[in-house]
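Report on the structure
Chain by chain, the residues:
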Amino acid sequence: MIGKLTLIVGPMYSGKTSELLSLVEIYSLGKKKYLVFKPEIDTRYSVDHVVSHTGQKVPAITIPSASKLLEKFDDINEKLDAIFIDEVHFFDIDIIDVIKKIILKGVDVFCVGLDMSYKHRPFQTTASLMAIADEVIKKKAVCHVCGEYKAVVSHKTVNNSGSEIDVGGMEKYIAVCRECYLKLNGSL
Ligand SMILES: Nc1ncnc2c1ncn2[C@@H]1O[C@H](COP(=O)(O)OP(=O)(O)O)[C@@H](O)[C@H]1O
Ligand SMILES: Cc1cn([C@H]2C[C@H](O)[C@@H](COP(=O)(O)O)O2)c(=O)[nH]c1=O
Ligand SMILES: [Zn+2]
């Protein structure tokens, strides 16, 4: 049987990683075989754990690229039930083919990632995965400006004209609704 691809997307602080950790717990309680991966670039809270903003965490394999993820996967000599990938927007586009290969082996894949950058533009990796996913869970956060539970985009509060890849947390990003984003940035 072919595995199922699930994407959990949304702005920062919307509970994406918390949802991933709940799913990991379900697989763990069911004594299923799984691996958790995270990109090497994400050193924010830990180098070898996936950590949510609330401090919940699970051990993870840190990998520099999509091809290394496939190598690690192929090194495992037992049939896995699932793999979990955090911060998928940081991966190169090759991750799409890697994930296709993995689901063809009957393994479920769960990915968490930002759908949009602070420039209100789709992250290409996440957008492509959303297109081929069996299920997309789109989360929202509480807008840090107006307090409404309708934040769908992340706003960068410092140096917001450079690269769209910039690891960080509250010191540089907030979650906002579209109305507040428009007021802060002048355009959507
Ligand atoms: N504006 C916000 N809206 C919702 N949750 C927030 C907000 N700011 C901080 N949080 C905290 O972030 C937690 C979600 O963290 P996490 O699952 O790591 O989110 P994500 O992976 O989407 O960044 C929430 O449970 C809450 O405690
Ligand atoms: C908006 C935005 C964020 N990032 C970085 C910042 C964090 O390191 C992660 C997102 O973490 P979270 O688990 O969703 O809170 O991505 C970025 O590189 N570029 C952006 O535009
Ligand atoms: Zn708002």
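Residues numbered from 1 in each chain as written. Chains lettered and ligands numbered in written order. Predicted model: local features only at pLDDT ≥ 70, side-chain atom pairs only at ≥ 80, totals over all residues. Heavy atoms only, no water.

Now for the nonpolar core. Counting residues in each nonpolar core, the largest one holds 26 residues, and the members touching the most others are I83, I85 and I95. If one sorts the elements of this core by residue count, helix α3 (residues 95–104) sits on top with six residues. Core analysis: the next-biggest nonpolar cluster, separate from the first, contains 17 residues, L114, C143, V153 and V176 among them. (Core = buried A, V, L, I, M, F, W, Y, C linked by side-chain atoms within 4.5 Å. Buried < 20%, exposed > 50% of the residue type's maximum accessible area, 1.4 Å probe, protein only. Helix = DSSP H or I, 4+ residues; strand = E, 2+ residues; numbered from the N terminus.)

Attention now moves to the UniProt feature "active site" (unreviewed entry) in the protein chain. Under the present numbering, the feature "active site" (unreviewed entry) in UniProt falls on E87. With respect to the helices, strands and loops of the structure, E87 is situated in the loop between β6 (82–85) and α3. In this view, E87 contacts P39, D42, R44 and V112; residues no more than four positions away in its chain are not counted. For E87, the side chain forms a polar contact with the side chain of R44, separated by 3.4 Å. (UniProt positions renumbered as here; feature names shortened; annotations may be inferred. Contact = heavy atoms within 4.5 Å. Polar contact = N/O pair within 3.5 Å; in protein donor to acceptor, adjacent residues only side chain to side chain.)

The next thing to look at is the site of ligand 1. With respect to spatial proximity, 15 residues lie near ligand 1, and among them Y13, T17, S18, H53 and V142 are the closest. At a separation of 2.8 Å, an oxygen atom of ligand 1 approaches a polar side-chain atom of T17. Within the side chain of H144, one N or O atom sits 3.1 Å away from a nitrogen atom of ligand 1. The fraction of the free accessible surface of ligand 1 (580 Å²) that becomes covered by protein chains is 75%. Tallied by class, residues from the shell around ligand 1 come to six nonpolar, eight polar and one charged. (Near = heavy atom within 4 Å. Areas by Shrake-Rupley, 256 points an atom, 1.4 Å probe, with all protein chains shown as cover. Nonpolar A, V, L, I, M, F, W, Y, C, P; charged D, E, K, R; others polar.)

So, about the pattern of salt bridges. A side chain with one charge may pair with a side chain of the opposite charge, provided their charged atoms come close. Inspection of the entire model under this criterion finds 13 salt bridges. Residue E78 is joined to K33 by a salt bridge in which the shortest nitrogen-to-oxygen separation is 3.9 Å. Here K33 lies in the loop between α1 (16–29) and β2 (34–39) and E78 lies in the loop between α2 (66–75) and β6, a separation of 45 residues in the sequence. Owing to a relative accessible area of 39%, K33 belongs among the partly exposed residues under this scheme. (Salt bridge = Lys/Arg side-chain N within 4 Å of Asp/Glu carboxyl O.)

Right, let's talk about the site of ligand 2 for a bit. Surrounding ligand 2, one finds 18 residues, the nearest of these being K16, H53, Y118, E164 and D166. The separation between an oxygen atom of ligand 2 and a polar side-chain atom of H89 is 3.1 Å. In the environment of ligand 2, an oxygen atom lies 2.7 Å from a nitrogen or oxygen atom belonging to the backbone of D166. When ligand 2 sits alone it has 490 Å² of accessible area, and the protein chains cover 99% of it. Residue composition of the shell around ligand 2, grouped by class: eight nonpolar, five polar and five charged.

Below, the discussion takes up the confidence of the model for the protein chain. Overall, the prediction assigns the protein chain a mean pLDDT of 97, with 100% of residues at 70 or greater. The complex prediction reports pTM at 0.97, with the ipTM value standing at 0.99. (pLDDT = per-residue confidence, 0-100.)

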